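Inside the fold
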Amino acid sequence: EAGVTQFPSHSVIEKGQTVTLRCDPISGHDNLYWYRRVMGKEIKFLLHFVKESKQDESGMPNNRFLAERTGGTYSTLKVQPAELEDSGVYFCASSRRGGTLKRAGPAFFGQGTRLTVV
Amino acid sequence: TQLLEQSPQFLSIQEGENLTVYCNSSSVFSSLQWYRQEPGEGPVLLVTVVTGGEVKKLKRLTFQFGDARKDSSLHITAAQPGDTGLYLCAAKGGGSEKLVFGKGTKLTVNP
């Protein structure tokens, strides 16, 4: 079974430019999450999709960040325009959806995209 | 804001030694996960604990969830260089599926 895959693995862009990160979750996983770690800080939650719907986007920093998951398969996270403080490692994770009496499955993480804004 | 405090932040030991790392919070969690991360990779799940007082063993690793579900520990017996990595605790609470992470313990096991 393929794991969570993220593209690109590294991206260096100039301040003001646009970058789009992609995440392919594990097949059959309805839950998809985006997280970010800024240097020196802990990994922080950005947003949670259940299929194509945004379940929780309370961690999105501001309106320069736009996440989509059309069709409930892969997801993209676009940063436009990028600022210096957006630099960090962006992780995607996916898990099986829980039911009424069943918890969601454990989250499996991708290798991350290291974004550097210069 | 739920915070997870991990200690120690850094730990360097010799092969064969035992060690314990801690994950503490003032909040109650529905479940807690331990992950291990290596450079350039994403966190890899080691274990999930959900019941207060629960103890789980994974070969030389022993995980414990506190009785009040506010803290956890990871004990490694006879550490090996292959155990080197960043150990992260992460927890869910308040009915949310999002994970709250600690900053991690960076473990180095010297041969």
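Cut-offs and rules
- Residues numbered from 1 in each chain as written.
- Chains lettered and ligands numbered in written order.
- Predicted model: local features only at pLDDT ≥ 70, side-chain atom pairs only at ≥ 80, totals over all residues.
- Heavy atoms only, no water.
- 1 Å grid on protein atoms, 1.4 Å probe; cavity = no way out; pocket = protein on both sides within 12 Å on 5 of 7 lines; lining within 4 Å.
- Points joined across faces, edges and corners; volume = space filled by probe spheres on them.
- Helix = DSSP H or I, 4+ residues; strand = E, 2+ residues; numbered from the N terminus.
- Nonpolar A, V, L, I, M, F, W, Y, C, P; charged D, E, K, R; others polar.
- Contact = heavy atoms within 4.5 Å.
- Salt bridge = Lys/Arg side-chain N within 4 Å of Asp/Glu carboxyl O.
- Polar contact = N/O pair within 3.5 Å; in protein donor to acceptor, adjacent residues only side chain to side chain.
- Disulfide = S-S within 2.5 Å.
- Buried < 20%, exposed > 50% of the residue type's maximum accessible area, 1.4 Å probe, protein only.
- Pairing = 2+ DSSP bridges.
- Axes fitted to C-alpha atoms, helices over the stretch in contact; angles between N-to-C directions.

Each pocket or cavity is described by its volume, and for the largest pocket that value is around 850 Å³. Forming the boundary of the largest pocket are 32 residues, of which Arg37, Val89 and Arg114 of chain A together with Gln37 and Leu86 of chain B lie nearest the centre. Of all elements in the fold, only strand S9 (88–95) and strand S11 (113–117) of chain A together with strand S9 (85–92) and strand S11 (105–110) of chain B reach the threshold of two or more residues within the lining of the largest pocket. Ranked by residues supplied to the lining of the largest pocket, first place goes to S11 of chain B with four residues. The residue inventory of the lining of the largest pocket, partitioned by class, reads nine nonpolar, 16 polar and seven charged.

What follows deals with empty space enclosed by the protein. According to the stated counting rule, one finds one cavity of 30 Å³ or more in the structure shown. When its volume is computed, the largest cavity comes out at roughly 40 Å³. Along the walls of the largest cavity sit Tyr33, Tyr35, Ala93, Ser95, Gly105, Ala107 and Phe109 of chain A together with Lys92, Glu97 and Leu99 of chain B, which together make up its complete lining. Of all the secondary structure elements, the ones that give two or more residues to the lining of the largest cavity are strand S4 (31–37) and S9 of chain A. Residues of the lining of the largest cavity, tallied by class, amount to six nonpolar, two polar and two charged.

Between chain A and chain B, the contact holds 20 residues from the first and 19 residues from the second. Between the two partners, chain A and chain B, sit zero salt bridges. Along the contact surface separating chain A from chain B lie four residue pairs in polar contact (both at pLDDT 80 or more). Mapped by element, the contributors of at least two residues to the side of chain A that touches chain B are S4 and strand S5 (44–50) of chain A. Per-element accounting of the side of chain A that touches chain B gives the leading share, three residues, to S4 of chain A. When the residues that make up the side of chain A that touches chain B are grouped by side-chain class, the tally is nine nonpolar, six polar and five charged.

Turning to the state of the cysteines, a few remarks are in order. Inspection of the entire model under this criterion finds two disulfides over all chains. In this model Cys23 of chain A forms its disulfide with Cys92 of chain A; the gap between the sulfur atoms is 1.8 Å. On the S-S bond that ties Cys23 of chain A to Cys92 of chain A, the torsion sits near -65°, and the link is left-handed. Within this pair, whereas Cys23 of chain A is found in strand S3 (residues 19–24), its partner Cys92 of chain A is found in strand S9, the two being separated by 69 residues in sequence. Of the two residues examined, Cys23 of chain A and Cys92 of chain A, each falls in the buried class. Across the disulfide, Cys23 of chain B is cross-linked to Cys89 of chain B (sulfur-sulfur distance 2.0 Å). One disulfide, between Cys23 of chain B and Cys89 of chain B, carries an S-S torsion of 75° and so falls in the right-handed class. Taken as a pair, Cys23 of chain B in strand S3 (residues 19–24) and Cys89 of chain B in strand S9 lie far apart in primary sequence, 66 residues in all. Of the two residues, Cys23 of chain B and Cys89 of chain B, both sit in the buried class.

Let's shift gears to the sheet that holds S3 of chain B. Residue and element names in this part refer to chain B. One open sheet holds the five strands; their spatial order is S1-S3-S8-S7-S6, and the pairing between them is antiparallel. Each edge of the open sheet is held by one strand with a lone partner, namely strand S1 (5–7) and strand S6 (55–58). With strand direction ignored, the average angle separating the axes of adjacent strands in the sheet is 15°.

Moving on, we come to the pattern of salt bridges. Pairing is possible between side chains of opposite charge, provided their charged atoms come close. All names here are of chain A. If you walk through the whole model with that rule in mind, you get seven salt bridges over all chains. In this structure, Glu83 engages Lys15 in a salt bridge whose closest nitrogen and oxygen atoms are separated by 4.0 Å. In this pair, Glu83 sits in the loop between strand S8 (75–79) and S9 while Lys15 sits in the loop between strand S2 (10–13) and S3, placing the two residues 68 residues apart along the sequence. Residue classification places Lys15 among the exposed residues on the basis of a relative accessible area of 51%. The residue Arg64 makes a salt bridge to Asp86 at a minimum N-O spacing of 2.5 Å.

By themselves these figures say nothing about function.
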